[in-house]
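Each chain, letter by letter, is given below.
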Amino acid sequence: MRRSFWVRLARKSRFWRGGLPRFPHPLHIQLAPVAQWFHAASDTTRLDILELLSQRERCQSEIARLTGAPQSNVSFHLRVLKEAGLITEHRDGRRRFYGLRGETLDNMVAVIQFVSPGKHRGTCLLSGCQ
Amino acid sequence: MTIALRAEPARVASWFHALADETRVKIVEMLSHKERCVCELEQVLGIAQSRLSFHIKVLKDAGLIADRKEGRWMFYGLQRETLDHIAAYTRSVKPGKHAGSCAVACCD
């Protein structure tokens, strides 16, 4: 009986469409993209790409040539970076140029600073926070 | 052409990999308040201890957290220096940060 209740609720309710509700947490809303940003930067090839793009905007073939990785590989990594919002893409004629998104990098630094110990001294509501 | 990296790429990748999971970000956020033992983390996050020790191992291997034994309990705390390194690295790749100081001819 209990199971059928949940099944019915799941079928009826729009509430469940976006996935199961998660544990309430101060970082709750931002957590999924945060993990995605760091995931995008957690590969040596993608770090090389970030290094190259920090110099200037580049197109895919240029990135492939400079990193020494095959084109298909580079296009996969570029897609991961783009989906995480770390890079932007713009078309110039037939070629696509990729550039870094400064805001996302700023947000990553902000997250790191937020979790650095001692950074929220005095402002934290949690008892026992040092 | 060689790409000038300020830290070993594999090391940098491991830092970011450690933060590439929601549970691990939560753990890091919890540890930013104070040192905690596994029992506390387990209670708050509501995940099995086996999963938790896996996540803790990833964080420890990346050098983000350090453990301290007190009696029978292990306490985990954040490593401030690693977080500073990550922030420094992320700032260093921001465009325009190395204008003028870069050896690459086409850098702007």
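The structure displayed is predicted, hence computed values, not measured ones.

## Quick look at the overall build of chain B
Working step 1: In terms of regular secondary structure, chain B is built from five helices and three strands.
Working step 2: Residues classed as buried in chain B amount to 25% of the 108 residues present.
Working step 3: Put simply, 52% of the contacts in chain B that link residues at least 6 apart link residues at least 24 apart.

## Some words on the overall build of chain A
Working step 1: Within chain A, the secondary structure is distributed over six helices and three strands.
Working step 2: Element order for chain A, N to C, with α for helix and β for strand: α-α-α-β-α-α-β-β-α.
Working step 3: For chain A, the residues scored as buried account for 26% of the 130 residues in total.
Working step 4: Pairs at least 24 residues apart make up 46% of the contacts formed inside chain A by residues separated by at least 6 positions.

## Topic: the sheet that holds strand 2 (residues 87-92) of chain A
All names here are of chain A.
Working step 1: Strand order in the open sheet formed by three strands is 1-3-2, and the pairing between neighbours is antiparallel. Since the sheet does not close on itself, it has two edges, and those belong to strand 1 (58-59) and strand 2, each with one partner.
Working step 2: Pairing geometry for strand 1 and strand 3 (residues 95-100), over two bridges, is antiparallel. Across the sheet, C59 pairs through a bridge with F97, a residue of strand 3.

## A short note on the confidence of the model for chain B
Residues and elements named next belong to chain B.
Working step 1: Residues at a pLDDT of 70 or more form 82% of chain B, whose mean pLDDT is 83.
Working step 2: Mean pLDDT per element in chain B: helix 3 (residues 38-45) is the minimum at 87, and helix 4 (residues 49-61) is the maximum at 93.
Working step 3: Confidence drops under a pLDDT of 50 for residues 1-5, and excluding neighbours within four residues, the segment shows five contacts in the predicted structure.
Working step 4: Prediction confidence for the complex, expressed as pTM and ipTM, is 0.75 and 0.78 respectively.

## Brief notes about the packing of helix 3 (residues 44-55) of chain A against helix 4 (residues 60-67) of chain A
Packed helices, taken two at a time, are described by their axes: the angle between them and the distance between them.
Residue and element names in this part refer to chain A.
Working step 1: Axis separation between helix 3 and helix 4 bottoms out at 10 Å; the angle between their running directions is 115 degrees. Viewed along their axes, helix 3 and helix 4 form a crossing whose handedness is right-handed. Mapping the contact onto sequence places T45, D48, I49 and L52 in helix 3 and I63, L66 and T67 in helix 4.

## Here we look at the sheet that holds strand 1 (residues 36-37) of chain B
Residues and elements named next belong to chain B.
Working step 1: Reading across from one edge, 1-3-2 is the order of the three strands in this open sheet, with antiparallel pairing throughout. For this open sheet the edge positions go to strand 1 and strand 2 (65-70), each flanked by a neighbour on one side alone.
Working step 2: Bridge count for strand 1 against strand 3 (residues 73-78) is two bridges, and the pairing is antiparallel. What sits directly across from R36, in strand 3, is Y76.

## Examining the environment of L81 of chain A
All names here are of chain A.
Working step 1: Summarising the element assignment, L81 is placed in helix 5 (residues 71-83).
Working step 2: Judged by the 25 C-beta atoms lying within 10 Å of it, L81 is buried.
Working step 3: Between the C-alpha atom of L81 and that of R46, which follows or precedes it by 35 residues, the distance is 7.6 Å.
Working step 4: For L81, the residues in contact, after removing those within four places along its chain, are A40, R46, I49, L86 and I87.

## Overview of the pairing of strand 3 of chain A
For a regular strand, the rule is simple: side chains alternate between the two faces of the sheet.
Working step 1: Bridge analysis of strand 2 of chain A against strand 3 of chain A gives six bridges, and the strand direction is antiparallel. Looking across to strand 3 of chain A, one finds that T88 of chain A is bridged to G99 of chain A.

Each value, and the rule that gives it
Residues numbered from 1 in each chain as written. Chains lettered and ligands numbered in written order. Predicted model: local features only at pLDDT ≥ 70, side-chain atom pairs only at ≥ 80, totals over all residues. Helix = DSSP H or I, 4+ residues; strand = E, 2+ residues; numbered from the N terminus. Buried ≥ 20, exposed ≤ 12 C-beta atoms within 10 Å, placed from the backbone. Contact = placed C-beta atoms within 7 Å. Pairing = 2+ DSSP bridges. pLDDT = per-residue confidence, 0-100. Axes fitted to C-alpha atoms, helices over the stretch in contact; angles between N-to-C directions. Left-handed = near helix turned anticlockwise from the far one by under 90°.

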